[in-house]
Amino acid sequence: GTAAYFRYQDMWVRQTVPQVLTAYDMDDEDVEWLAKFSAKVIKSKLNQHVTLNAEQLESMMQKLENLHFEALKSKANLWMPDVKMGKVPSIPVLESVLSRGAAISALRGESELWVLEGVYDHWRGKRRATPHMGPLLAHLWFEMPWKAVCFADLEEPDE
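Structural notes, computed from the coordinates. (Residues numbered from 1 in each chain as written. Predicted model: local features only at pLDDT ≥ 70, side-chain atom pairs only at ≥ 80, totals over all residues. Heavy atoms only, no water.)

Some remarks on the overall build of the chain
- Of regular secondary structure, the chain possesses 7 helices and 0 strands.
- Classification of the 159 residues of the chain by burial places 32% in the buried group.
- Of the roughly 10500 Å² of accessible surface on the chain, 57% is carried by carbon and sulfur atoms. (Helix = DSSP H or I, 4+ residues; strand = E, 2+ residues; numbered from the N terminus. Buried < 20%, exposed > 50% of the residue type's maximum accessible area, 1.4 Å probe, protein only. Areas by Shrake-Rupley, 256 points an atom, 1.4 Å probe, with all protein chains shown as cover.)

Written as structure tokens, this is what we have:
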């Protein structure tokens, strides 16, 4: 199970280095993936200098979520007509909104290419497993087009 907790960050410490609280919060699946990923790095012996910690993974997952959401908004012409007609919008396929190449290009500088590819693949797998392949950040479910998808199930059917 998952335990609820608060994450405290002292915003007054080291004003020169802005700390940003990450909205993405790792779950058991992420912890397991990170452990397997780290074990693979250790086994390879070639990339010993490369590390990926929990904070980096959370940060990259959040960036992927935000990149996808911004790209989805830029493709509103594909789903907005449905929303305007009161229909559940058909959301374009994940990769057509944020391709692996575009994601990695946007994250360039965060880590080595093969790390970014691994994180993207993990993110994509998690998205595919969510209802409607929806966002991993809870607050995005309250934004269009996800709001129209999410709340469609709650509306009373016309009789």
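Observations regarding the pattern of salt bridges
- This model, assessed by the stated rule, comprises 10 salt bridges.
- One salt bridge in this structure joins Lys-63 and Glu-110, with 2.5 Å as the shortest N-O distance. In this pair, Lys-63 is assigned in helix H2 (residues 54-74) and Glu-110 in the loop between helix H5 (100-107) and helix H6 (113-129), connecting sequence segments 47 residues apart.
- Judged by relative accessible area, Glu-110 falls into the partly exposed class, the value being 32%.
- Ionic pairing is found between Asp-121 and Arg-100, a salt bridge with its closest N-O pair at 2.8 Å. Here Arg-100 lies in helix H5 and Asp-121 lies in helix H6, a separation of 21 residues in the sequence.
- Look at Arg-100 and you get partly exposed, because its relative accessible area is 32%.
- Among the charged side chains, a network of salt bridges with common partners joins Glu-95, Arg-100, Asp-121, Arg-124 and Arg-128. (Salt bridge = Lys/Arg side-chain N within 4 Å of Asp/Glu carboxyl O.)

A few points about the packing of aromatic side chains
- Summed over all chains, the structure comprises 4 aromatic pairs.
- Between the aromatic rings of Phe-37 and Trp-114, the centroid separation amounts to 5.7 Å while the plane-to-plane angle is 25 degrees, which identifies the pairing as stacked. Of this pair, Phe-37 sits in helix H1 (residues 28-44) while Trp-114 sits in helix H6, placing them 77 residues apart in sequence.
- Judged by relative accessible area, Phe-37 falls into the buried class, the value being 9%.
- Residue class for Trp-114 comes out partly exposed when judged on its relative accessible area of 28%.
- With a centroid separation of 5.6 Å and an interplanar angle of 65 degrees, the aromatic rings of Trp-141 and Trp-146 are classed as edge-to-face. (Phe/Tyr/Trp six-rings, centres within 6.5 Å; stacked < 30°, edge-to-face > 60°.)

A closer look at the packing of H1 against H2
- It is at 11 Å that the axes of H1 and H2 come closest, and there the two elements cross at 120 degrees. Taken together, the axes of H1 and H2 lie oblique to each other. Here H1 and H2 pass one another in a crossing that is right-handed. Touching Asp-30, Trp-33 and Leu-34 of H1 are Ala-54, Leu-57 and Met-61, all from H2. (Axes fitted to C-alpha atoms, helices over the stretch in contact; angles between N-to-C directions. Parallel < 35°, antiparallel > 145°, perpendicular 65-115°, else oblique. Left-handed = near helix turned anticlockwise from the far one by under 90°. Contact = heavy atoms within 4.5 Å.)

Quick look at unusual backbone geometry
- The amide bond that connects Met-144 to the next residue, Pro-145, takes the cis arrangement and shows omega of 5 degrees.
- The residue Pro-145 is located in the loop between H6 and helix H7 (146-152) in this model.
- The phi angle at His-132 is positive, at roughly 60 degrees, despite the residue not being glycine.
- Assignment of secondary structure puts His-132 in the loop between H6 and H7.
- His-132 sits in the partly exposed class, given a relative accessible area of 43%.
- At Met-133, a position not held by glycine, the phi torsion is positive, near 55 degrees.

What about H2?
- Counted at 1.5 Å a residue, the expected span for H2 with its 21 residues is 30 Å, and the 30 Å between its end C-alpha atoms agrees.
- Those residues of H2 lying buried are Leu-57, Glu-58, Met-60, Met-61, Gln-62, Leu-64, Glu-65, His-68, Phe-69, Ala-71 and Leu-72.
- At the N-terminal end of H2, a side-chain oxygen is found 3.1 Å from the backbone nitrogen of Glu-55, two or three residues along, and the residue is Asn-53. (Expected span 1.5 Å × (residues − 1). Polar contact = N/O pair within 3.5 Å; in protein donor to acceptor, adjacent residues only side chain to side chain.)

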